[in-house]
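Take a look at the letters that make up each chain.
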Amino acid sequence: MIKRKDFYFKKAKKEGFLARSAYKLIELNGKYNLIRKNSDVLDIGCSPGGWVQVCLKLHARRVVGIDIEKAKIKDSRFEFVNEDVNEIDVAKLGKFDVVLSDISPKTKGFFDSEESADLSRKAWKIAVQVLKPKGNFLCKIFQGAEFDEFCRELRKYFYFFKISKPKASRKESREMYLIGKGFLGDTK
Ligand SMILES: C[S@@+](CC[C@H](N)C(=O)[O-])C[C@H]1O[C@@H](n2cnc3c(N)ncnc32)[C@H](O)[C@@H]1O
């Protein structure tokens, strides 16, 4: 376990990524082709900015990131919204081809799976309002009581739906990534 952590941590440092989680997005995007050249992307829970860096490298046109913590990216294509997802005015964000969510609570030695599920659900509530038709959604959620219900709900809104655990995700972590492609619209 420590070896894998060291591997991705060192790789991120060497390759200039702000977070080892960048490799999760690289792998998932390689498999599912979510972000394309000129995509407009919303990144929910974006700090410090590893996923934003990946989106910019993939030639996204515009990346909007939301987080309560500061983001460490300065780029003309990146707009940072330093706010809590529970208080955000969704109407001001615009519309997106891709919505990403890696949001999770700050752990203070104790992981609250209910708080985490609430944040993932909140990210989905935002996504459903800002995704363009045929848009793509990627969302982290921890396996817990809410997991199956959340998957059932999401699956209805997309042409293609998959659950995945990338290699950079620690084996002992209960986090999973849900992939929805081809948003069918908020008609359910
Ligand atoms: C695992 S980190 C994201 C890492 C990011 N994907 C990257 O590559 O740098 C989860 C983020 O969710 C954010 N977060 C947690 N609760 C939040 C809330 N209520 N509103 C906005 N962001 C929140 C945390 O501040 C943290 O930066």
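In short, a report on the structure.

Focus: the site of the ligand
Of all residues adjacent to the ligand, which total 22 residues, the nearest are Ser21, Gly49, Gly50, Asp67 and Asp102. A distance of 2.6 Å separates an oxygen atom of the ligand from a polar atom in the side chain of Asp67. Here a nitrogen atom of the ligand sits 3.5 Å away from a polar atom, N or O, in the main chain of Ile68. Within the complex, 90% of the 610 Å² of free accessible area of the ligand lies under protein.

Let's talk about the pairing of strand β2 (residues 62-66)
Extensive coverage of β2 is indicated by the burial of four of its five residues. Examined bridge by bridge, strand β1 (residues 40-44) and β2 share five bridges and lie parallel to one another. Bridge pairing links Ile44 to Ile66 in β2. As for the winding sense of the linkage, the β-α-β connection from β1 through helix α3 (residues 50-57) to β2 is right-handed.

What to know about the nonpolar core
Core analysis: the largest hydrophobic core is formed by 33 residues, its most contacted members being Leu42, Ile44, Leu93, Val99, Trp124, Ile126 and Phe137. Of all the secondary-structure elements, those providing two or more residues to this core are β1, β2, β4 (96-101), α4 (113-130), β5 (131-142), α5 (147-155), β6 (158-164) and β7 (175-183). For this core, the element with the highest residue contribution is α4, accounting for seven residues. With sequence-adjacent residues up to four places away left out, Phe137 is seen in contact with Val99, Ala123, Trp124, Ala127, Leu131, Leu154, Phe158, Leu178, Ile179 and Gly180. Core analysis: the next-biggest nonpolar cluster, separate from the first, contains 28 residues, Tyr32, Val54, Cys55 and Leu100 among them.

Re the packing of α4 against α5
Here α4 crosses α5 at 10 degrees, and the two axes come no closer than 12 Å. One finds that α4 runs roughly parallel with respect to α5. Across from Ser120, Arg121 and Trp124 in α4, the residues of α5 making contact are Phe150, Glu153 and Leu154. A class-by-class count of the residues in the contact of α4 with α5 yields three nonpolar, one polar and two charged.

Here we look at the packing of helix α2 (residues 22-32) against α3
At their nearest, the axes of α2 and α3 sit 8 Å apart, and the two run at 40 degrees to each other. Relative to α3, α2 is oriented oblique. Here α2 runs over α3; the crossing is right-handed. Contact residues: Ala22, Leu25 and Ile26 in α2; Gly50, Trp51, Val54 and Cys55 in α3. Of the residues assigned to the contact of α2 with α3, the class counts are six nonpolar, one polar and no charged.

What counts as what
Residues numbered from 1 in each chain as written. Predicted model: local features only at pLDDT ≥ 70, side-chain atom pairs only at ≥ 80, totals over all residues. Heavy atoms only, no water. Near = heavy atom within 4 Å. Polar contact = N/O pair within 3.5 Å; in protein donor to acceptor, adjacent residues only side chain to side chain. Areas by Shrake-Rupley, 256 points an atom, 1.4 Å probe, with all protein chains shown as cover. Buried < 20%, exposed > 50% of the residue type's maximum accessible area, 1.4 Å probe, protein only. Helix = DSSP H or I, 4+ residues; strand = E, 2+ residues; numbered from the N terminus. Pairing = 2+ DSSP bridges. Right-handed = clockwise from strand over helix to strand, strands pointing away. Core = buried A, V, L, I, M, F, W, Y, C linked by side-chain atoms within 4.5 Å. Contact = heavy atoms within 4.5 Å. Axes fitted to C-alpha atoms, helices over the stretch in contact; angles between N-to-C directions. Parallel < 35°, antiparallel > 145°, perpendicular 65-115°, else oblique. Nonpolar A, V, L, I, M, F, W, Y, C, P; charged D, E, K, R; others polar. Left-handed = near helix turned anticlockwise from the far one by under 90°.

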